[in-house]
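# Fold and geometry: a report
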Amino acid sequence: MTDTSVPAAGTADRDLRAFIAGLPKAELHVHHVGSASPRIVSELAARHPDSKVPTDAEALVDYFTFTDFAHFIEVYLSVVDLIRTPEDVRLLTFEVARDLARQQVRYAELTITPFSSTRRGIEERAFMDAIEDARKAAEAEFGTVLRWCFDIPGEAGLEAAEETTRLATEDRIRPEGLVSFGLGGPEIGVPRPQFKPYFDRAIAAGLRSVPHAGETTGPETVWDALNELRAERIGHGTSSAQDPKLLAHLAEHRIPLEVCPTSNIATRAVRTLEEHPIREFARAGVVVTINSDDPPMFGTDLNNEYAVAARLLELDERGLAGLAKNAVEASFLDAAGKARIAQEIDAYTTTWLAR
Ligand SMILES: O=C(O)c1cccc(C(=O)CC[C@H]2O[C@@H](n3cnc4c(=O)[nH]cnc43)[C@H](O)[C@@H]2O)c1
Ligand SMILES: [Zn+2]
């Protein structure tokens, strides 16, 4: 695991971290299985002792140190292999909500890859019931609202695309909490345009388009996501910084980027945080949202990602509140839901600054 946590320097830094910890937030780019904390992994591994995933926290730190993006996916899939029953799915989902609630996340769009679970033998109806049951229980217990993004694992091919689209669009199976449709996994050798017919069907069924693009390939992948998959937000979009016309297009059309700084370092998509293009995005007027991607695997959480962003963008409390409001505005919540969290952010910030 790459340590990209921001060193706590002086009082000002500690103060900003305390502000972030209490700031109401929305998380738009976080993966279901990628959110399995050491606590959750241990519990799942105890249920399935034949797994090769280590159970103690220290060994997990080594296990979650990645040589490149392909290695990250290999490790990711070994954690997917730990989720074998509907009870595992429910436990994972509910515990992920608990971890989000602890960080004052009021609303999260969680990326789920149902194909990975159904192909491993979890019955589709039982899978949907498990995530929905956990969603409702989490909202009742923690007040955190969860919504789903179902993503195609692109490298698994068009069979995975067909299955994901079916699960996302068939009335008798699609879950109530589903709001969007994505595309994840490696980008190299997985051209985006081939997924156009599947995104067309998902969009026709009322889902919003949020593919990963430009994480490990160049800006042309982001253009494909916009032009072929009709993306409304871009997962990562890191390489957009290489194309000024693309930055201008994203800014003009207010297409937000789901920026996950620590993830990009951990998967070696970007060499160092100093070289992360988040400053270029902000300078170009692109709507930046801050997200955690696969937090325990990358040794981070959403609060730490806000601290990273504060350092890179030199933000104070008002700037951080602005970032949090970007995420609310870019979310697929309805207008009343957006207004409620935005007001909460403003009230919290005003109270904090008047201390
Ligand atoms: O489940 C399978 O059997 C399977 C077979 C072939 C390929 C795959 C995948 O490629 C799964 C990829 C998996 O990774 C998730 N993910 C998590 N974080 C990221 C990220 O930063 N960038 C891209 N993908 C990511 C994604 O949701 C897929 O589920 C699976
Ligand atoms: Zn992701």
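All of the points below concern the structure found in this document. Chains are numbered independently. Their residues run from 1 in the order of the written sequence. Naming scheme: in the order in which they are written, chains are lettered from A and ligands are numbered from 1. With the structure being a predicted model, the display of local features is reserved for residues of pLDDT at least 70 and the display and counting of side-chain atom pairs for 80 or more, all residues being used for whole-chain, interface and lining totals. Processing note: side-chain calculations cover all non-hydrogen atoms of the structure and skip hydrogens and water entirely.

### What about the packing of aromatic side chains?
Two aromatic rings, drawn from Phe, Tyr or Trp (for Trp, its six-membered ring), form a pair once their centres lie within 6.5 Å of each other, and the interplanar angle then sorts them: stacked below 30 degrees, edge-to-face above 60, tilted otherwise. Applying the stated criterion to the full structure yields 12 aromatic pairs. Note on Phe-94 and Phe-142: the rings are 5.1 Å apart at their centroids and 35 degrees apart in plane angle, and the pair reads as tilted. You can see Phe-94 sitting in helix H5 (residues 86-102) and its partner Phe-142 sitting in helix H7 (residues 124-142), a full 48 residues away along the chain. For Phe-94, a relative accessible area of 9% translates into the label buried. Among the residues examined, Phe-142 registers a relative accessible area of 23% and is labelled partly exposed. Clustering of aromatic rings is evident, with ring pairs tying together Tyr-63, Phe-64, Phe-66, Phe-69, Phe-72, Tyr-76 and Phe-298. Two limits define a charge over a ring: the Lys NZ or Arg CZ must be within 6 Å of the ring centre, and within 35 degrees of the ring normal. A cation over a ring is seen here: Arg-90 above Phe-94, with NZ or CZ 5.3 Å from the ring centre. A run of H or I in DSSP becomes a helix once it reaches four residues, and a run of E becomes a strand once it reaches two; helices and strands are each numbered from the N terminus. Burial status follows relative accessibility: with a 1.4 Å probe on protein chains alone, a residue under 20% of its type maximum counts as buried, one over 50% as exposed, and anything between as partly exposed.

### A closer look at the coordination of the zinc ion (ligand 2)
Coordination of the zinc ion (ligand 2) by the protein is provided by His-29 (NE2), His-31 (NE2), His-212 (NE2) and Asp-293 (OD), with metal-donor distances spanning 2.0 to 2.2 Å. Only N, O and S atoms count as donors, using a 2.8 Å limit from the metal and a wider 3.2 Å limit for Na, K and Ca, and since water is excluded some coordination spheres may look unfilled. Site shape is set this way: if four donors have all angles between 85 and 135 degrees, tetrahedral; if opposite donors are over 155 degrees apart and all others between 65 and 115, square planar for four donors and octahedral for six; otherwise irregular. Each of the four donor atoms bound to the zinc ion (ligand 2) contributes to angles spanning 83 to 171 degrees, and the resulting shape is irregular. Counting residues between consecutive donors of the zinc ion (ligand 2) along the chain gives the motif H-x1-H-x180-H-x80-D. With His-29 in strand E1 (residues 25-31) and Asp-293 in the loop between strand E9 (288-290) and helix H14 (302-313), this pair connects stretches of sequence that are 264 residues apart. In this structure Asp-293 comes out as buried when scored by relative accessible area, which is 2%.

### Description of the pairing of strand E3 (residues 145-153)
The side chains of a regular strand alternate between the sheet's two faces. Most of E3 is tucked away: eight of the nine residues are buried. Where strand E2 (residues 105-112) and E3 come together, six bridges link them in parallel fashion. The residue of E3 that forms the bridge with Tyr-107 is Val-145. DSSP-based pairing: two strands are paired if at least 2 bridges between them are found. Bridge count for E3 against strand E4 (residues 178-184) is six bridges, and the pairing is parallel. Note that in E4 the partner of Phe-150 across the bridge is Phe-181.

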